[in-house]
Amino acid sequence: MSSDKVLDTLHRFITRDLVLIISGGTVVGTFLYLSGHLPAADDSWMLFALLAGLGYFIAYSIQEVLCILGLITTTAVSNPNRFVQWLYKRYDHRAWKPITFDSREARHQFTDDEQWAEFQRIVTLQMVGTAGGPSMVACGFMFMLKWWNYPDPFHLTVSVVGGLLGAMLICLSWLKGAQRAQFVATYGKRKLGRGQIPS
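Values in this document were obtained by computation on a predicted structure and should not be read as measured data.

**Student:** Looking at this structure, how should I read the overall build of the protein chain?
**Tutor:** Along the backbone of the protein chain there are five helices and two strands. Reading the helices (α) and strands (β) of the protein chain from amino to carboxyl end gives α-α-α-β-α-α-β. Residues classed as buried in the protein chain amount to 33% of the 199 residues present. Nonlocal contacts in the protein chain, meaning residues at least 24 apart in sequence, comprise 79% of its contacts between residues at least 6 apart. Accessible surface for the protein chain amounts to roughly 12600 Å². Of this, 66% is attributable to carbon and sulfur atoms.

**Student:** Can you walk me through the packing of helix 4 (residues 113-149) against helix 5 (residues 153-187) in this structure?
**Tutor:** Two packed helices can be described by the angle between their axes and the distance between those axes. Where helix 4 meets helix 5, the closest approach of the two axes is 7 Å, and the angle between their N-to-C directions is 160°. As judged from the angle between their axes, helix 4 and helix 5 are roughly antiparallel. Where helix 4 crosses over helix 5, the handedness of that crossing is left-handed. Here the contact of helix 4 with helix 5 is composed, by residue class, of 21 nonpolar, 15 polar and four charged.

**Student:** I keep staring at the packing of aromatic side chains and nothing clicks. Help me out?
**Tutor:** To describe a pair of aromatic rings, you give the distance between the ring centres and the angle between the ring planes. In total, this model carries eight aromatic pairs according to the counting rule given. With a centroid separation of 6.1 Å and 35° between ring planes, the pair formed by Tyr33 and Phe143 is classed as tilted. Here Tyr33 is found in helix 1 (residues 3-35), whereas its partner Phe143 is found in helix 4, with 110 residues between them in sequence. In this structure Phe143 comes out as buried when scored by relative accessible area, which is 8%.

**Student:** How should the pattern of salt bridges be read in this particular structure?
**Tutor:** Inspection of every chain in the model, using the stated rule, returns two salt bridges. Residue Asp92 pairs with Arg94 through a salt bridge whose shortest N-O separation is 3.8 Å. Taking relative accessible area as the criterion, Asp92 reaches 22% and is therefore assigned partly exposed.

**Student:** Sorry if this is basic, but what is going on with the environment of Gly177 here?
**Tutor:** Within the secondary structure, Gly177 is located in helix 5. Spatially, the C-alpha atoms of Gly177 and Val84 are 9.3 Å apart, while their sequence positions differ by 93 residues. In this view, Gly177 contacts Thr75, Ala76, Val77 and Gln126; residues no more than four positions away in its chain are not counted.

**Student:** It is not clear to me how a nonpolar patch on the surface should be interpreted in this structure. Could you clarify?
**Tutor:** A cluster of nonpolar side chains, namely Val160, Leu164, Leu165 and Met168, defines an oily patch on the protein surface of about 350 Å² accessible area. Inspection of the secondary structure assignment puts Leu165 in helix 5. The partly exposed category is assigned to Leu165, whose relative accessible area is 34%.

**Student:** Can you help me understand the packing of helix 3 (residues 82-92) against helix 5 in this one?
**Tutor:** One way to put it is that helix 3 packs onto helix 5 with a least axis distance of 9 Å and a crossing angle of 75°. Classified by the angle between their axes, helix 3 and helix 5 sit roughly perpendicular to one another. Here Phe83, Val84, Leu87, Tyr88, Tyr91 and Asp92 of helix 3 come into contact with helix 5, specifically with Cys171, Trp174, Leu175, Lys176, Ala178, Gln179 and Gln182. Looking at the contact of helix 3 with helix 5, its residues break down into nine nonpolar, two polar and two charged.

The rules we used
- Residues numbered from 1 in each chain as written.
- Predicted model: local features only at pLDDT ≥ 70, side-chain atom pairs only at ≥ 80, totals over all residues.
- Heavy atoms only, no water.
- Helix = DSSP H or I, 4+ residues; strand = E, 2+ residues; numbered from the N terminus.
- Buried < 20%, exposed > 50% of the residue type's maximum accessible area, 1.4 Å probe, protein only.
- Contact = heavy atoms within 4.5 Å.
- Areas by Shrake-Rupley, 256 points an atom, 1.4 Å probe, with all protein chains shown as cover.
- Axes fitted to C-alpha atoms, helices over the stretch in contact; angles between N-to-C directions.
- Parallel < 35°, antiparallel > 145°, perpendicular 65-115°, else oblique.
- Left-handed = near helix turned anticlockwise from the far one by under 90°.
- Nonpolar A, V, L, I, M, F, W, Y, C, P; charged D, E, K, R; others polar.
- Phe/Tyr/Trp six-rings, centres within 6.5 Å; stacked < 30°, edge-to-face > 60°.
- Salt bridge = Lys/Arg side-chain N within 4 Å of Asp/Glu carboxyl O.
- Patch = residues over 30% accessible without salt bridge, like charges linked within 9 Å, V, L, I, M, F, W, Y side chains within 5 Å.

Laid out in C-alpha cells, this is it:
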C-alpha cells in the first residue's frame, strides 16, 4: 500500500472518529453542565481525554443501537421510502432513479480522485447525521428533564432547539445515504450479468 493510500485511510478514520467524539462529547458536556460538574480549565488533560473517550463510546453505542432498531442507517440507502425520495428530489432537483446496478463502494470503482473524495465527503456527512442527530436529541431530552423539574425558559428553549436539530440531522443522514447510493450507482457501477446475484 502506497503512502498516499495510507494517509487517505488515516484521514478518513480520524475524521469519522472526531465526528463520534464531538457528538458524544455534547452528550457528556450536557450531562455535566446540568448536574453542575463541568470540569475546570486547569483540570488534568487526562480527565478531558477520558471524557473524550467516554463521548466516543456513547455516540457509537447510540448510533449502532438505533441502526439495529432501523431508525437510522450508516450504509447506502438503495431503496428509500417516499419521504427520503422527496428529500432527495428537493435537494438534488431531480427525481429518484431506481438503482439497477451492483454498486461497489471500493476505490478502484471510481475513475478519478475527485469522485472518490466526493464519495468520502458524502459518507462523512451521513455519519454527521447518524452520530450528531441522536446525540442532539439526547441533549434535548436531558434539558427537557431539567426544565420539567426546575422550570427555566432557557432550558426549555435549548430542549426544543436540540430536539429539532437532532430530527433534522437524522433526516439528512437518510438523504445522504440515498445520495451515497446514487453516487456509487452513477460513478462506480458495475452492471450485473444475466443470472448474476450481487455479493
